[in-house]
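# A structural walkthrough
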Amino acid sequence: MKKTIGRQRKYFIINTEEDFRRGCGAGIRIGKNGLMPCREGTAGVYYTRIFDSGEFGTEWHRLTLFGELEYGTGWTVTVYAADSLGLKGKEETAEEFRQAFFDGHCDSLLFGVRGRYLWLKIEFYAKGTGMPCISRIRIDYPKHTWLSYLPEIYEEDPKSASFLERYLGIFQSLYEDMTEWIEKIPGMLEPSVSEEHMLCELADWLGIEGKELWDRRQLLYLVRHARTMNARRGTVAGLRELVRLYTGSTPYIVEYHQIRRYFDGDKRERLLRALYVAHCREFAVILNWENGGDGRRIMGLKQVIDMAKPAHMESRIVVLEPYVFLDQHSYIGINSILGQYRPLQLDGLCTVPFSVIASEKGGQTT
């Protein structure tokens, strides 16, 4: 991928599985995490695709590799550049095209690397059982150093100019990295365009709990509505919205004060307490949740409810079933619908669920 920043600073970047697959190699594996050896404790070699700057004699500026090195592992990077593509292939490693070499983590200025075309050879090595991984490669060009801002007298002596250019390059790299990071801040704070890790960071800043429970769409909604949802935390409205977001179904919230008026001290009271709430510090969450009977999903819903409920309250979750049971959670038009009666026929189309045909013989039921 080739990008341009402003008028002068440009760069190539490899940061996706598709980008890495445009190169070639042996003993390496390419996945979502980046480039790595096939197995732990093994070596491998990888050649990037050829990068074309579009101009002959291009002076390349900086090479940066991002990744992880475990103990006893590492990589070396050889930089090749040329003004002609009259090569045998990407694997061409003739010394005449080799212009730089780096060992280990690489964030280096490419002094003296010239040519329209540039490609890299990366060699992994391992002395133990670790697994090195490269997740991103970035190559900046053309060369632009702070030496050009100084009076020409600083460039008269080539040896002194080279030292000063390298010395200023340290601070220039820090300054450019910081500037680029600052320029990205507005985009990082906009949830709809934030990368996955930054969206999680925003969620942390806003005090959103249980990030592992939400997919990107749900987490994006929580970040965008964090202010209003925090204001309604601990209320029925806030609980209903959070449960609806997690399950896709709007729940019915039943509290103790809503059913207390129907208590008669007898069978009706016992039934209501068994179905809904047993005491004043409890509430019931009733919802018609398709495919919601999975234990893992129920545990997730329990965590969601705990995030929104008052600290001293207890919850009871009721997932409705599409059947009619006497003295159970059966609601007309919600999970039970009265339709046209059809007598039982042995035609392979009618079923009688939860029905038992029995007869009594000698006091026993069969």
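Residues numbered from 1 in each chain as written. Predicted model: local features only at pLDDT ≥ 70, side-chain atom pairs only at ≥ 80, totals over all residues. Heavy atoms only, no water.

## Looking at the pattern of salt bridges
For clarity, the threshold we go by: Salt bridge, as applied in this entry: a Lys or Arg side-chain nitrogen positioned within 4 Å of an Asp or Glu carboxyl oxygen. Strands here mean DSSP runs of E at least two residues long; helices mean DSSP runs of H or I at least four residues long; both are numbered from the N terminus.
Summed over all chains, the structure comprises 16 salt bridges. The partner of E165 in a salt bridge is K143, with the nearest N and O atoms 3.0 Å apart. Here E165, found in helix α2 (residues 158-188), pairs with K143, found in the loop between β13 (133-141) and α2; they are 22 residues apart in sequence, far enough to count as distant. A salt bridge links E269 to R273; the shortest N-O distance between them is 3.1 Å.

## Regarding empty space enclosed by the protein
Our working definition: A cavity here means a set of points on a 1 Å grid, drawn over the protein atoms and nothing else, where a 1.4 Å probe fits but cannot get out; a pocket is an open set with protein on both sides within 12 Å along at least five of seven lines, and a residue lines either one if it has an atom within 4 Å of a point. Grid points are joined across faces, edges and corners, and a volume is the space filled by probe spheres set on the points. Amino acid classes used here: Ala, Val, Leu, Ile, Met, Phe, Trp, Tyr, Cys and Pro are nonpolar; Asp, Glu, Lys and Arg are charged; the rest, including Gly, are polar.
Enumeration according to the criterion identifies one cavity of 30 Å³ or more in this entry. Taken as a whole, the largest cavity holds about 240 Å³ of empty space. Surrounding the largest cavity, 15 residues form its lining, L222, M229, N230, R233 and L242 being those nearest its centre. Mapped by element, the contributors of at least two residues to the lining of the largest cavity are α5 (226-231), α6 (236-247) and α9 (295-308). Along the lines of polarity and charge, the residues of the lining of the largest cavity split into eight nonpolar, three polar and four charged.

## Some words on helix α3 (residues 196-205)
Basically, it comes down to this: Working definition: with a 1.4 Å probe on protein chains only, accessible area under 20% of the residue-type maximum means buried, over 50% means exposed, and in between means partly exposed. Here the arc refers to the set of directions running from the helix axis out to each C-beta atom. Here, two residues are considered to be in contact whenever any of their heavy atoms come within 4.5 Å of each other.
Within the span of α3, buried status applies to M198, L199, L202 and A203. End-on view of α3: buried residues confined to an arc of 150°, all on one side of the axis. Looking at the buried side of α3, the elements it contacts are α2 and α4 (216-224). Where α3 ends, the next residue or the one after it, G207, has phi of about 75°, a positive value.

## Some words on the environment of K302
With respect to the helices and strands, the residue K302 is situated in helix α9. On the basis of relative accessibility, which here comes to 29%, the residue K302 falls in the partly exposed class. With residues up to four places along the chain from it excluded, the contact list for K302 reads S315 and I317.

## Some remarks on the packing of α3 against α4
For clarity, the threshold we go by: As a rule, the C-alpha atoms of each element are fitted with a line to give its axis, helices using only the stretch in contact, and angles between N-to-C directions run from 0 to 180 degrees. In these notes the angle categories are as follows: under 35 degrees is roughly parallel, over 145 is roughly antiparallel, 65 to 115 is roughly perpendicular, and the rest is oblique. Two helices cross in a left-handed way if the nearer one is turned anticlockwise from the farther one by less than a right angle. They cross in a right-handed way if the turn is clockwise.
Close contact between α3 and α4 brings their axes to 10 Å; oriented N to C, the two are set at 40°. Considering their axes alone, α3 and α4 lie oblique with respect to each other. Judged by the twist between their axes, the crossing of α3 over α4 is left-handed. Touching E196, L199, C200, L202 and A203 of α3 are R216, L219, L220 and V223, all from α4. Partitioning the contact of α3 with α4 into residue classes produces seven nonpolar, no polar and two charged.

## Quick word on the confidence of the model for the chain
What counts here: Summary of the metric used: pLDDT quantifies the predictor's per-residue confidence within the range 0 to 100.
With 86% of its residues at a pLDDT of at least 70, the chain reaches an overall mean of 82. Here residues 88-92 scores under 50 on pLDDT; set against residues more than four positions off or in separate chains, the count is 11 contacts. The low-confidence segment residues 355-366 (pLDDT under 50) makes seven contacts with residues lying over four places distant or belonging to another chain.

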